[in-house]
Structures are given as structure tokens and as C-alpha cells.
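Chain residues, written in single-letter form:
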Amino acid sequence: MNVTDPNCLRLISNQNNLLNAIPEMVLLVKNSQSIEYMNPSAIAFFGDLSSSNNNRNDAEKKLLGILLKLVEKTKASKSFGKTIATSYENTHIEYTLAPFEGYKGEMLQWFFIRDITDNKNQNEELSLFHNSIETILAHKINDLKESERMRHSLANELNTLKEHLNEQPSEGKMIGSSKALTELRDMVFQVAKSDATILITGESGTGKELVANLLRERSNRNDKPFLKINCNTITDSLLESDLFGHERGAFTGADRKKKGKFEVVDGGTIFLDEIGDISPRMQAALLRVLQDGEIIRVGGNEPIRIDVRVIAATNKDLTSMVQDGSFRLDLFYRLNIINIAIPPLRERNEDIIDLTTHFIRKYRQAFKKDISFLPQSILDRLLRHSWPGNVRELDNVIQRAVLMAKNDTITENELFFDMQPNQPKPESQKDYLENIEGKSLKFMMAKVEKEIIEVSLKNNRGKVAITVDQLNIGKTAFYDKMKRYKISPKDHAY
Ligand SMILES: Nc1ncnc2c1ncn2[C@@H]1O[C@H](COP(=O)(O)OP(=O)(O)OP(=O)(O)O)[C@@H](O)[C@H]1O
Ligand SMILES: [Mg+2]
């Protein structure tokens, strides 16, 4: 071949340009003994053999050693012309080997080598990333499964709670877990079986009638008649003939003999409610029943034996009535053989919680409301309240709250305590009608109006919005009136 031939020179130059331009490393090895060519990429990677003049042989030998290893690897895997990945020092490379025969019969080998370290690292990073994504995902999935499990168990718990809530405790049960109530309940169950007369005392609304019912229910007379008499609603003479009966002609209109309740109830139980309100005459008659187990019909003189168990109740202080002479001491002793004294609700805070739950349950079912939550702030207010009306008041408060609640929560807006029974009456009721002389209607009306506003604000704990609603008056007009009467809602907030 004539290498001075311009065509030949052009081909050589083109080939050189091509080899210079390609990013892969290209090396040409002759007879596995010398490196004939390295393109710029190969020089950049393996070093310039021609620059290390003195050591060229060493450097060439070293590189040849490396390349020959690649040849062996290729031979072993019969991968000539194929791309093989391997590592060299700290780098990862990919190479292709293309052997060919020179025109003088020498064996030549083209090496095409690519540094794939970055790629490999990237891939590793990527797979690490994938791995970590997988780990994260696995964690997340576990978390999800866990929360699903928790959701399930919560749902189960909620259902059991709902079932519990729906289990309406049978009416007439004495709710409460305070020490006082537990002892009281024990005592009720203990004395119920005896035939002893029982006096139940306690403030209004503490549950005296409830206890009387329980006593009867648990007694041996529970299949016998049970008669309740409210001593303060019947006039003296009516009460007497009602209870003890009368003989024919005993009084005008008594045209025939009539059995009294004590006789009718014979063998059963009689509950004398408000016993503190009976007259001295009735006290004497009752004493006979309790002392001798006999009655005498009104207008008669034959004692009739009866077997009645008496349960009495009062919210009055019978001992001080005995002291001031309005209640017979001997009757008091007869009644007070067993005394069940129910403590006021304010003295047994645990019961407030139990009863609140009980009444919420009761009324949410009655009013078809889904009340399932009572904020702690409301419970705190219930616990702080003094409950002058005792359990009956709590019952009323919860009934109103559940009825008025807008969604599933009771808020301050629905909490109204009962007017206190012993609260002094407003002056308007006490004095106005007595002192009207010389006063104009306008003056009197203003006084009444002022008091109404003050009382309403007090009942609503100074909340103007609720008061305005209740009094059905415009807000502006209400503020005008408060200004006129020098009323500040803050004075009524507590
Ligand atoms: N421990 C309790 N558990 C459940 N409900 C109760 C309890 N105590 C009282 N109540 C309820 O409170 C209300 C008032 O009770 P009860 O009529 O027995 O009171 P009282 O002491 O007889 O009141 P009064 O002196 O005004 O007649 C009733 O609805 C009753 O069922
Ligand atoms: Mg009662």
C-alpha cells in the first residue's frame, strides 16, 4: 500500500479523527506484545505511555498485562465482539475485543473500553434508593396495616361501648359508685327483708322514693300490694278515713262502711311519703298502727288487726320538729327504728359522674340523639355545682341539655341549672304589690323589667346571646335596657 497516496492519507486522517473523537477508550495491541495505538480517551484513562519515556517499557508492560487479562477473559467466555463488564483497580469498565490479522500476518487486537464507574455507582445508588424506597414503603405498609388493625380494634371497642350505652339499666336502679351510695345500697338490701319500719330521710330529690321502691322490691312482700300515700296532699280527715276506713254514718256522706287503705293493703307495704307533714291527729292514729298493729275505722271503736309494713320518708328534720313539739317523740321512735339517710348529691361527687352518664344514656335514647361526648369543662361544671335539687335537678339538667344539643356534644350553651328552691324571691314578687301606693306604673314596670333582666342574666351566667333569645328581645334593645338600668352581664357571669 502506498501511504503517500492522497486517498490513503485521507482514509488514515479520517480514521484518526474518528478514533480521536469517540468517547470510548480505543487501544490497538500487536501480537500481544506492544501497544500500537491509544486514542485520547485511552491516554486520559491509562496515562500517556510516550510521556513516561524512561519507563515506557514498564508502563507498557503493565498495561499490556492488564489488556492480556481481558483477552483471556474474553477467550474463556468466548465473547469476542461482545461487551464484557469487569473491574480495573477502583473502576468499573466495560470492554469489547475485536481481533484481526494484519497485512503482514501479525495478530492485532482492538480494545474498546468504557469507564462505567459513574454509571455503576449511579445504578447502585439507584438500587439503594429503590431498596430504601422499598424499605420505607414496607414500613409504611406495616404502619398502615397496624393502623388498620387499630382502627378495627377501635371500631370493636366503640361497638362494645355502644352496646354498653344501649344497655339501658333497668329503671329503678340506684346508680352511683361513691362510698356513701355503696354503703347505702348495701344497707337497703340488708334491711329490705325484715319487716321493720323504715324512715328514709334526705333532701328533696335525693332518691327517697327510689329507695322505698327498692326496699319493697327486695322484701318478702314484693308480691303483695304496695301503696304510696303522699301525706301532704290529702286533708287531715280525708287522709284518716282514706287510711283507716270508716264505719257507716261516721260522717256526712258515709252511707256505708268502707275499708281503709291499711286494711286493703293487709300483708303488703305502705309508703308514707312526706311524713313530716302529717297532723297531730294522724300522728296519734299512725302511732297505734305501729305500736299495736291495729287500726280503728273512723266512727268505729273495734280495733282491727292488720299486717302492714310501713316505710316513711321525709326531707324535713324530724328531730328538730320533735324538739319544737310539732312531731311526736314516740312516733318518731317508732318510725325511726331503721333510718336510711341519703346524703345530698354534692357530698358524693363520683355519683354525679355516674348519674350524668346514666341520664345521658336515658335521654339520648328517648330523644333519639347521638350524644356520645361530654367535654371535661362541662363535667367540671357539673362537679362544681352544689345541686340544691339533688339527683332530680341533675336529671332535669341533663334532660334539657340532651334535648337542646345540636350535634353529638353537650356544650355550655345547653347547660342550665334549676332555679334554686330556697332562693329568696325577687323583690318584685315580695314587695311590689304591697307598696304600690304613690308609685307610677312606669316606675314599677321599670323595676320589674330590671329584675327580670338581672334574674335571666344570672340564670344564663351572664350570657347575653342566650338571655336575649330566651326573653325574645332584640339585642340592641337589650343592650339599651342594660345601659338604662346599669346592668353589666359580667356581674352575673360565674
Ligand atoms: N341513685 C339514683 N340513681 C338513679 N336515679 C336516681 C337516683 N337517685 C334519685 N334518682 C332519680 O331522681 C329523681 C328523684 O328521686 P326521688 O323522687 O326518689 O327523690 P325524693 O328524695 O323522693 O325527692 P322528694 O323529696 O322531692 O320527694 C327520680 O327520677 C329518681 O329516679
Ligand atoms: Mg319523694
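Just so you know, the residues in each chain are numbered from 1, in the order the chain's sequence is written. For this description, chains carry letters from A and ligands carry numbers from 1, given in the order in which they are written. Local features in a predicted model are, by the rule used here, given only for residues with pLDDT of at least 70; side-chain atom pairs are given and counted only at 80 or more, and totals for whole chains, interfaces and linings are based on all residues.

**A short note on the overall build of the protein chain**
- Secondary structure elements follow DSSP: runs of H or I of four or more residues count as helices, runs of E of two or more count as strands, with numbering from the N terminus. What the protein chain contains, in helices and strands, is 18 helices and 14 strands.
- Each residue is classified by how many other C-beta atoms fall within 10 Å of its C-beta atom, where C-beta atoms are placed from the backbone; a count of 20 or more means buried, 12 or fewer means exposed, and values in between mean partly exposed. Residues counted as buried form 22% of the 494 residues belonging to the protein chain.

**Concerning the sheet that holds strand E7 (residues 226–230)**
- The pairing criterion is simple: DSSP has to find at least two bridges between the two strands. Taken in spatial order, the 5 strands of this open sheet run E7-E10-E13-E6-E14, and their pairing is parallel. Edge positions in the sheet fall to E7 and strand E14 (338–341), since each has one partner strand and no second. Strand-to-strand twist of the sheet, defined as the mean angle between neighbouring strand axes without regard to direction, takes the value 20°.
- Alignment of strand E6 (residues 198–201) against strand E13 (residues 309–314), held across 4 bridges, turns out to be parallel. Bridge pairing in E13 links Ile 200 to Ala 313.
- Contact between two residues is assigned whenever their backbone-derived C-beta positions fall within 7 Å. Structural elements are reduced to axes, namely lines fitted to C-alpha atoms, with helices fitted over the stretch in contact, and the angle between N-to-C directions of any two is expressed from 0 to 180 degrees. With respect to the sheet, helix H6 (residues 208–217) is in contact with E6, E7, strand E10 (269–273), E13 and E14, its orientation differing from that of E13 by roughly 165°.

**A look at the sheet that holds strand E1 (residues 25–30)**
- Across the sheet, which stays open at both edges, the 5 strands sit in the order E2-E1-E5-E4-E3 with antiparallel pairing between neighbours. Edge positions in the sheet fall to strand E2 (34–38) and strand E3 (83–88), since each of these pairs with one other strand and no more. The mean angle between the axes of side-by-side strands here comes to 30°, regardless of whether they run parallel or antiparallel.
- Direction of pairing for E1 relative to E2: antiparallel, over a ladder of 4 bridges. The residue bridging Leu 28 from the neighbouring strand is Tyr 37, located in E2.

**Thoughts on the environment of Asp 292**
- Tracing the sequence through the fold places Asp 292 in helix H9 (residues 280–292).
- Using a count of 11 C-beta atoms within 10 Å as the deciding quantity, one classes Asp 292 as exposed.
- Measuring from C-alpha to C-alpha, the distance between Asp 292 and Ile 306 comes to 9.2 Å, with 14 residues separating the pair along the chain.

**Focus: the site of ligand 1**
- The immediate surroundings of ligand 1 are formed by 16 residues, with Ile 175, Gly 207, Lys 208, Glu 209 and Val 391 found nearest.
- Looking at the shell around ligand 1, the elements that each hand over two or more residues are H6 and helix H14 (390–404).
- Following the grouping adopted for this structure description, the nonpolar residues are Ala, Val, Leu, Ile, Met, Phe, Trp, Tyr, Cys and Pro, the charged ones are Asp, Glu, Lys and Arg, and the polar ones are all others, Gly among them. Residue composition of the shell around ligand 1, grouped by class: 5 nonpolar, 7 polar and 4 charged.
- Each domain's extent was defined by an automatic or database domain assignment. Each of domain 3 (179–343) and domain 4 (346–414) accounts for three or more of the residues forming the shell around ligand 1. Residues are classed as near a molecule or strand if the C-beta position derived from their backbone is within 6 Å of it.

**With respect to the packing of helix H12 (residues 349–366) against helix H13 (residues 376–384)**
- In the contact formed by H12 and H13, the axes pass within 9 Å of each other and the chain directions differ by 130°. Our classification of the angle between H12 and H13 gives oblique. Taken as a pair, H12 and H13 cross one another with a handedness that is right-handed. On the side of H12, the interface is formed by Asn 349, Ile 352, Ile 353 and Thr 356, while H13 contributes Leu 379, Leu 382 and Leu 383.
- Taken together, the residues of the contact of H12 with H13 break down into 5 nonpolar, 2 polar and no charged. Geometric relationships in this document are graded by angle, where less than 35 degrees denotes roughly parallel, more than 145 denotes roughly antiparallel, 65 to 115 denotes roughly perpendicular, and other angles denote oblique. Should the near helix be turned anticlockwise from the far one by less than a right angle, the crossing is termed left-handed; should it be turned clockwise, right-handed.

**Thoughts on the packing of H12 against H14**
- Between H12 and H14, the shortest axis-to-axis distance is 9 Å and the interhelical angle comes to 45°. As summarised for this structure, H12 and H14 are arranged oblique, according to the angle between their axes. In the crossing of H12 with H14, the sense of the turn from one axis to the other is right-handed. Facing Ile 352, Leu 355, Thr 356, Phe 359, Ile 360, Tyr 363 and Arg 364 of H12, the residues of H14 in contact are Val 391, Leu 394, Asp 395, Ile 398, Gln 399, Val 402 and Leu 403.

**So, the nonpolar core**
- Connectivity within a nonpolar core runs through C-beta atoms within 7 Å, and the core itself is a set of buried Ala, Val, Leu, Ile, Met, Phe, Trp, Tyr and Cys residues. If you look at the biggest cluster of nonpolar residues, it comprises 39 residues, and the most contacted ones within it are Ile 200, Phe 262, Ile 270, Leu 272, Ile 311 and Ala 312.
- Those residues in contact with Leu 272 that sit more than four places away from it in its chain are Ile 229, Cys 231, Val 310 and Ala 312.
- Judged by nonpolar contacts, the second largest core, of 17 residues, contains Phe 359, Leu 382, Leu 394 and Ile 410.

**Topic: the pairing of E3**
- Counting buried residues in E3 gives 0 out of 6 residues, a small share hidden from the surface.
- Relative to strand E4 (residues 91–101), E3 is paired through 6 bridges, and the arrangement is antiparallel. Within E4, the residue paired with Ala 85 across the bridge is Glu 94.
- The hairpin turn running from E3 into E4, its antiparallel successor, is 2 residues long, and Glu 89 in that turn takes a positive phi close to 45°.

**Structural notes on the environment of Phe 373**
- Looking at the secondary structure, you find Phe 373 in the loop between H12 and H13.
- Classification of Phe 373 by C-beta neighbours within 10 Å gives exposed; the count is 12.
- As for Phe 373 and Thr 411, which are separated by 38 residues in sequence, their C-alpha atoms are 9.8 Å apart.
- Leaving out residues up to four positions away in the same chain, Phe 373 has contacts with Asp 408 and Thr 409.

**Digging into the confidence of the model for the protein chain**
- Every residue gets a pLDDT, meaning the predictor's confidence in that residue, from 0 to 100. Averaged over all residues, the pLDDT of the protein chain is 84; the fraction at 70 or higher stands at 86%.
- The spread of mean pLDDT over the elements of the protein chain runs between helix H15 (residues 427–432), the lowest at 49, and E6, the highest at 97.
- In this model residues 157–170 is a low-confidence stretch, pLDDT under 50, and it forms 6 contacts with partners more than four residues away in sequence or in other chains.

**Some thoughts on the pairing of E4**
- In the sheet, E4 pairs with strand E5 (residues 107–115) via 9 bridges, with the strands oriented antiparallel. When the bridges of E5 are listed, Ile 93 appears paired with Asp 115.
- Hairpin connection between E4 and E5: a loop of 5 residues separates the two successive antiparallel strands, and Gly 105 in this loop has a positive phi of roughly 85°.

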